[in-house]
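Observations on chain architecture
Spelled out, the chains give:
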Amino acid sequence: MSEEINKKIILKLNDTYDKSDLESLKRQVAKEEQESCPSNISLLQTYHKLVDNETIEESKHIEKLLRTSPVRSLSGIVNVSVLTKPYECPGQCIYCPQSENAPQSYVDKEPAVMRAQLNDYDPAGQVRTRLEGLEKEGHPTDKIELRIIGATWSYYPDDYQKKFIKRCFDACNGEESQSLKKAQKKNEEADRRIIGLSTETRPDYINKKEIKQLRNLGVTRVELGVQTLSDKILKKVKRGHKVKDTIEATKLLKDAGFKVSYQMMPDLPGTDLQKDKEVFKELFSNSNFKPDLLKIYPTVVLEGTPLYDWYKEGKYTPYTKEELIRLIKDIKKEVPP
């Protein structure tokens, strides 16, 4: 792609242009130059070069116009997911995939997994790679919501947890600190500040000792793999915890000032559309629950899992695409503003 076509487009842009005007201009200039349309990422790189050599003046409007996937930083905060190394999990869930190259419950081709593998699961490398990608797309990276994902976080050794989070802070600080506490303190005045930190774990691994550990690590939000509010279904899928564990974990976390996120799985074996609707109604009407955030993970049949065997044997039939879409719509009606 010629740099000249990028320059021509950037030099024509001004603060009156919207997304539609930009696309029209790209097609027009590309046709004149007999080139293919440039990507917004390449245009943004050219824009920064022209600003740096003082050919044009800086324009926040143009930067925003060229930003790809603008919703990622709409709040002024970017989400950076960092994956833990492959490690054993205390669960035996029948739907959970297992891979030698990824933590349990994750599969090889997911973007976060591919970034982690590229960096040999080094958390600092993952953070740097993700931030570089976001900056190329035009997103600000001064405020970061760090999300640690992988297997059951609370099951990893304490030393690994501390080193892992310290490496994330070091990457944002641009230099290495001697301890996690020093890295956290340094980050308070860094150009890239971690303003939120979340981990994901099982409800039955939250207790008073774990609460103290999470607090010392600087965690602000905990994602609980709740999955459903039916003990019968939890037993059927060999989840290994009960609804009472979710209630207790939620209370402990909220009382300690943590934000609580639930990961829920409609379409598990033993449920149906009406039962799933009732689960999500109870989620926000029963004071034992009422999570601050909600993630919906419809059950997926993956080869190599016991659930896949059930599916092949006709013991489990997932919802159709149309049924699932209707269910998600119904669920969203129950979610508070």
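A short tour of the structure in this document, coming up. (Residues numbered from 1 in each chain as written. Predicted model: local features only at pLDDT ≥ 70, side-chain atom pairs only at ≥ 80, totals over all residues. Heavy atoms only, no water.)

A few words now on the overall build of the protein. Summing up its helical and strand segments, the protein has 14 helices and 6 strands in all. A principal-axis box enclosing the C-alpha atoms of the protein has dimensions of 65 × 50 × 40 Å. Within the protein, buried positions represent 46% of all 337 residues. Pairs at least 24 residues apart make up 68% of the contacts formed inside the protein by residues separated by at least 6 positions. Once the 58 positive and 54 negative side-chain charges of the protein are each reduced to a mean point, those two points are 5 Å apart. (Helix = DSSP H or I, 4+ residues; strand = E, 2+ residues; numbered from the N terminus. Buried < 20%, exposed > 50% of the residue type's maximum accessible area, 1.4 Å probe, protein only. Contact = heavy atoms within 4.5 Å. Lys, Arg positive; Asp, Glu negative; His and termini not counted. Charge placed at Lys NZ, Arg CZ, Asp CG, Glu CD.)

Enumeration over the complete set of coordinates arrives at 7 aromatic pairs. The interplanar angle of 25° and the centroid separation of 4.7 Å between the aromatic rings of Y87 and Y156 together place this pair among those described as stacked. One end of the pair, Y87, is in the loop between β1 (78-83) and α5 (111-118); the other, Y156, is in the loop between β2 (143-149) and α7 (158-173), and 69 residues separate them in sequence. Taking the relative accessible area as the measure of exposure, Y87 reaches 25% and is therefore partly exposed. The class of Y156 is buried, set by a relative accessible area of 2%. (Phe/Tyr/Trp six-rings, centres within 6.5 Å; stacked < 30°, edge-to-face > 60°.)

Bringing the side chain of T141 into the picture now. Take T141: it is sitting in the loop between α6 (123-136) and β2. Accessibility expressed as a relative area gives 7% for T141, which makes it buried. Side chain to side chain, T141 and E135 meet in a polar contact 2.9 Å long. Polar contacts involving the side chain of T141 include one to the side chain of R192, which spans 3.4 Å. (Polar contact = N/O pair within 3.5 Å; in protein donor to acceptor, adjacent residues only side chain to side chain.)

To continue, consider the pattern of salt bridges. Inspection of every chain in the model, using the stated rule, returns 21 salt bridges. A salt bridge links D170 to K166; the nearest nitrogen and oxygen atoms lie 2.6 Å apart. Here K166 and D170 lie together in helix α7, a separation of 4 residues that amounts to about one turn. Accessibility assignment for this pair places D170 and K166 in one class, buried. Between K333 and D330 there is a salt bridge, with the nearest N and O atoms lying 3.8 Å from each other. With K333 and D330 both in helix α14 (residues 321-334), this residue pair falls 3 residues apart, about one helical turn. (Salt bridge = Lys/Arg side-chain N within 4 Å of Asp/Glu carboxyl O.)

Notably, E54 is not glycine yet its phi reads approximately 65°, a positive angle. Mapped onto the elements of the fold, E54 is located in the loop between α3 (40-52) and α4 (60-66). Unusually for a residue other than glycine, Q227 sits at a positive phi of about 70°. Structurally, Q227 can be placed in strand β4 (residues 221-227). Judged by its relative accessible area of 8%, Q227 falls in the buried class.

Turning next to the side chain of R147. Tracing the backbone through its elements, the reader meets R147 in strand β2. If sequence neighbours within four positions are ignored, R147 has contacts with N79, V80, S81, V82, Y106, S198, E200, E223, Q263, K295 and Y297.

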